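# A closer look at the structure
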Amino acid sequence: MAVRSIVISGDPVLHSPALPVVDFDDDLRELVQDMFETMDAAPGVGLAATQVGVPLRLFTYNFLDDDDCLWRGVAINPELWITPVPAGEADEDEDVEGCLSYPGERFPLLRSPSAILRAVDLEQNPVEIHAEDWLARVFQHEYDHLDGTLYVDRLDHFYAKIATKITRKRGWGIPGLSWMPGVDNLED
């Protein structure tokens, strides 16, 4: 088990659809354990396999909701159903999210207020979670990664222009860039 480096926006693995998991073996168990360690070290509330350079359809999550309920697990080969995204603009205080593959930046983004996640765990047991509010946001964000979409790809025009400038300024947007949680401090 080890903390893995997190790939930064621009690497092809982040911008391509991930492949279904077919082998539920020791390599997969090691990957999932490494992803939990990486997510915790970053720190983050979710981490997709693509973010550690592995093009497989799985993500880990770790979120404490407003009722102090801890949601921690792995979603392998997930399906996600969402309610419609509300009309209007994202609130600059309530709807702000970030991404470990776009470290240190936060932008407002409207997401669906509820979602149903269906997946399997490491033992191939079915998992179904009816998520609301921020947990639904976490699932949508991580699921997007599996389809090759980063949250900055969904920003409205005003914030997308800012994100493009940041990408250029930081030298991102090219393959091969990454950061190491616990070593690099890119979240500040």
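Since we're looking at a predicted model, the values are computed, not measured. (Residues numbered from 1 in each chain as written. Predicted model: local features only at pLDDT ≥ 70, side-chain atom pairs only at ≥ 80, totals over all residues. Heavy atoms only, no water.)

## Some words on the side chain of Thr167
For clarity, the cut-off: Secondary structure elements are defined from DSSP: runs of H or I of at least 4 residues count as helices, runs of E of at least 2 residues count as strands, and each element is numbered from the N terminus. In this analysis, two residues are considered to be in contact whenever any of their non-hydrogen atoms come within 4.5 Å of each other.
Looking at the secondary structure, you find Thr167 in helix α3 (residues 157–170). Setting aside anything within four residues of it in sequence, one finds Thr167 in contact with Tyr102, Trp172 and Gly173.

## A word on the nonpolar core
Short version of the rule: In plain words, nonpolar cores are sets of buried Ala, Val, Leu, Ile, Met, Phe, Trp, Tyr and Cys residues tied together by side-chain atoms within 4.5 Å. Note on exposure labels: buried denotes an accessible area under 20% of the residue type's maximum, exposed denotes more than 50%, and partly exposed covers the range between, all computed with a 1.4 Å probe on protein chains only.
With 35 residues, the main nonpolar core has Leu28, Leu58, Tyr102, Phe107, Tyr151, Val152 and Leu155 as its most contacted residues. Among the secondary structure elements, those contributing two or more residues to this core are β1 (6–7), α1 (26–41), β4 (70–82), β6 (102–108) and α3. The biggest single contributor to this core is α1, with 6 residues. Once you skip the residues sitting within four places of it in the chain, Phe107 turns out to touch Asp95, Val96, Glu97, Tyr102, Tyr151, Val152, Leu155, Tyr159, Ile162, Ala163 and Ile166. Ranked by size, the runner-up nonpolar core spans 18 residues in total, among them Phe63, Ala115, Ala119 and Ile129.

## Topic: the pairing of β6
Our working rule: Two strands make a pair as long as DSSP finds a minimum of two bridges between them.
Judged by how many residues are buried, β6 sits mostly within the fold: 5 of 7 residues are covered. Two strands pair when backbone bridges link them, and strand β5 (residues 96–99) and β6 are joined in this way by 4 bridges, in the antiparallel orientation. Residue pairing across strands places Cys99 opposite Tyr102, the latter belonging to β6. Hairpin remark: β5 followed by β6, antiparallel, with 2 residues in the connecting loop.

## Quick look at the sheet that holds strand β3 (residues 58–64)
Filter applied, for reference: Only the stretch in contact is used when fitting a helix axis, every axis being a line fitted to C-alpha atoms; angles between N-to-C directions are given from 0 to 180 degrees.
Here 5 strands make up an open sheet; going across it, the order is β2-β3-β4-β7-β8 and the pairing antiparallel. Edge positions in the open sheet fall to β2 (46–48) and β8 (126–132), since each of these has one partner strand only. Direction aside, the axes of adjacent strands within the sheet are offset by 40° on average. Both β3 and β4 contribute to a ladder of 7 bridges, which runs antiparallel. When the sheet's bridge partners are listed, Tyr61 is paired in β4 with Gly73. Packed onto the sheet, α1 meets β2, β3 and β4 and runs at close to 40° relative to β3.

## Notes on the side chain of Asp121
The test is simple: Charge counting treats Lys and Arg as positive and Asp and Glu as negative, with His and both chain ends excluded. A pair is scored as a salt bridge if a Lys or Arg side-chain nitrogen falls within 4 Å of a carboxyl oxygen belonging to Asp or Glu. Two N or O atoms count as a polar contact when they lie within 3.5 Å, although within protein this holds only if one can serve as hydrogen donor and the other as acceptor, and sequence-adjacent residues are included solely when both atoms are side-chain atoms.
Along the chain, the position of Asp121 falls in the loop between β7 (114–120) and β8. In this structure, Asp121 is buried with no salt-bridge partner, the nearest side chain bearing the opposite charge being Arg29 at 7.7 Å. Here the side chain of Asp121 touches Asn125 through a polar contact of 2.9 Å, landing on its backbone nitrogen. The residues contacting Asp121, other than those within four sequence positions of it, are Phe24, Val74, Ile76 and Val127.

## A look at the UniProt feature "active site" (unreviewed entry) in the protein chain
Selection rule: UniProt positions are given in the numbering used here, feature names are shortened, and annotations may be inferred rather than shown by experiment.
The UniProt entry lists Glu142 under the feature "active site" (unreviewed entry), expressed in the numbering used here. Take Glu142: it is sitting in helix α2 (residues 133–146).

## Concerning the environment of Gly176
Note that Gly176 resides in the loop between α3 and β9 (178–179). Looking at Gly176, the relative accessible area reads 61%, which means it is exposed. Between the C-alpha atom of Gly176 and that of Pro126, which follows or precedes it by 50 residues, the distance is 35 Å.

## What to know about the UniProt feature "binding site: Fe cation" (unreviewed entry) in the protein chain
As a reminder, the rule being used: Using a grid of 1 Å spacing that covers the protein atoms alone, one calls a set of points a cavity when a 1.4 Å probe fits there but cannot get out, and a pocket when the set is open and has protein on both sides within 12 Å along at least five of seven lines; lining residues are those with an atom within 4 Å of a point.
Here the UniProt feature "binding site: Fe cation" (unreviewed entry) sits at Cys99, His141 and His145. The greatest C-alpha distance among the residues just named is 10.2 Å, despite their covering 47 residues of sequence, which places them together in space. From this annotated list, the subset lining the largest pocket comprises Cys99 and His141. Relative to the assigned elements, Cys99 resides in strand β5. Classification of Cys99 by relative accessible area gives buried; the value is 4%. Mapping His141 onto the fold places it in helix α2. Accessibility expressed as a relative area gives 7% for His141, which makes it buried.

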